[in-house]
Amino acid sequence: IANPPFSLKKWGKDAADADPYGRYPYGTPPKDAGDLAFIQHMIASLNAEGKMCVVVPHGVLFRGSSEKEIRKGILEDDLLEAVIGLPSALFYGTGIPASLLIINKKKPKDRENKVLFINGELEYQESKNQNKLRDVDIQHIINIYDGFHDEKRYSKVVEMDEIRENDYNLN
């Protein structure tokens, strides 16, 4: 489980471009947005049955250029299991909405070549300074993830062919 800094500038692109450990097989992101560098490092750190959850800004889901190519590689290697949209103002220090990416190196057979999208952006408790996920909101997300199924206006299981048709945009 990780919450790396959002869109970190000067994250170390030059060092990553010359990485001797092979941690960036899908390429390196631009020097002003290191999100996908952190994610690739985490993927490389997982064992063959590893699973991870990482908090990302929404831009990771759709930004183009080298970031699109990295997303494409992760998707084509069938590592992304779920994208969970979260409400805005959930985290200290930023009001932007975020998402959780669930990476699974050993997806169950029935989840292969599919990604579950959960729209948890609308179910939360609004507060003055920071919004909060209630127990009921968290449980709803968990139930959908565990069941890996569609729920009208809340979740959808999407086949890789549809993701390819949408140019690897996960937004």
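Residues numbered from 1 in each chain as written. Predicted model: local features only at pLDDT ≥ 70, side-chain atom pairs only at ≥ 80, totals over all residues. Heavy atoms only, no water.

Enquirer: Would you mind going over the packing of aromatic side chains in detail, with residue names and values included?
Expert: Tallying each qualifying case throughout the model produces zero aromatic pairs. For R111, the ring lying beneath its charged end belongs to Y145, and the centroid distance is 5.1 Å. (Phe/Tyr/Trp six-rings, centres within 6.5 Å; stacked < 30°, edge-to-face > 60°. Lys NZ or Arg CZ within 6 Å of the ring centre and 35° of its normal.)

Enquirer: Give a detailed account of the pattern of salt bridges, specifying residues and quantitative values.
Expert: Summed over the entire model, instances satisfying the criterion amount to 13 salt bridges. In this structure, D78 and K107 form a salt bridge, with 2.6 Å as the shortest nitrogen-oxygen distance. Of this pair, D78 sits in the loop between α3 (66–76) and β2 (80–85) while K107 sits in the loop between β3 (98–104) and β4 (114–119), and the two are 29 residues apart along the sequence. Each member of the pair D78 and K107 is classed as buried. Salt bridges linked by common partners bring D35, R63 and E67 together as one network. (Salt bridge = Lys/Arg side-chain N within 4 Å of Asp/Glu carboxyl O. Helix = DSSP H or I, 4+ residues; strand = E, 2+ residues; numbered from the N terminus. Buried < 20%, exposed > 50% of the residue type's maximum accessible area, 1.4 Å probe, protein only.)

Enquirer: Can you break down the side chain of R71 residue by residue, with the values?
Expert: In this structure, R71 sits in helix α3. Buried and without a salt bridge, R71 has E67 as its closest oppositely charged side chain, separated by 6.1 Å. At a separation of 2.8 Å, a polar atom in the side chain of R71 contacts the main-chain carbonyl oxygen of Y168. Dropping the residues within four chain positions of it, R71 is found in contact with V60, L61, F62, R63, Y168 and L170. (Lys, Arg positive; Asp, Glu negative; His and termini not counted. Polar contact = N/O pair within 3.5 Å; in protein donor to acceptor, adjacent residues only side chain to side chain. Contact = heavy atoms within 4.5 Å.)

Enquirer: Outline the environment of E165, listing residues and values.
Expert: Inspection of the secondary structure puts E165 in helix α5 (residues 160–165). A sequence separation of eleven residues divides E165 from Y154, and the C-alpha atoms of the two residues are 22 Å apart.

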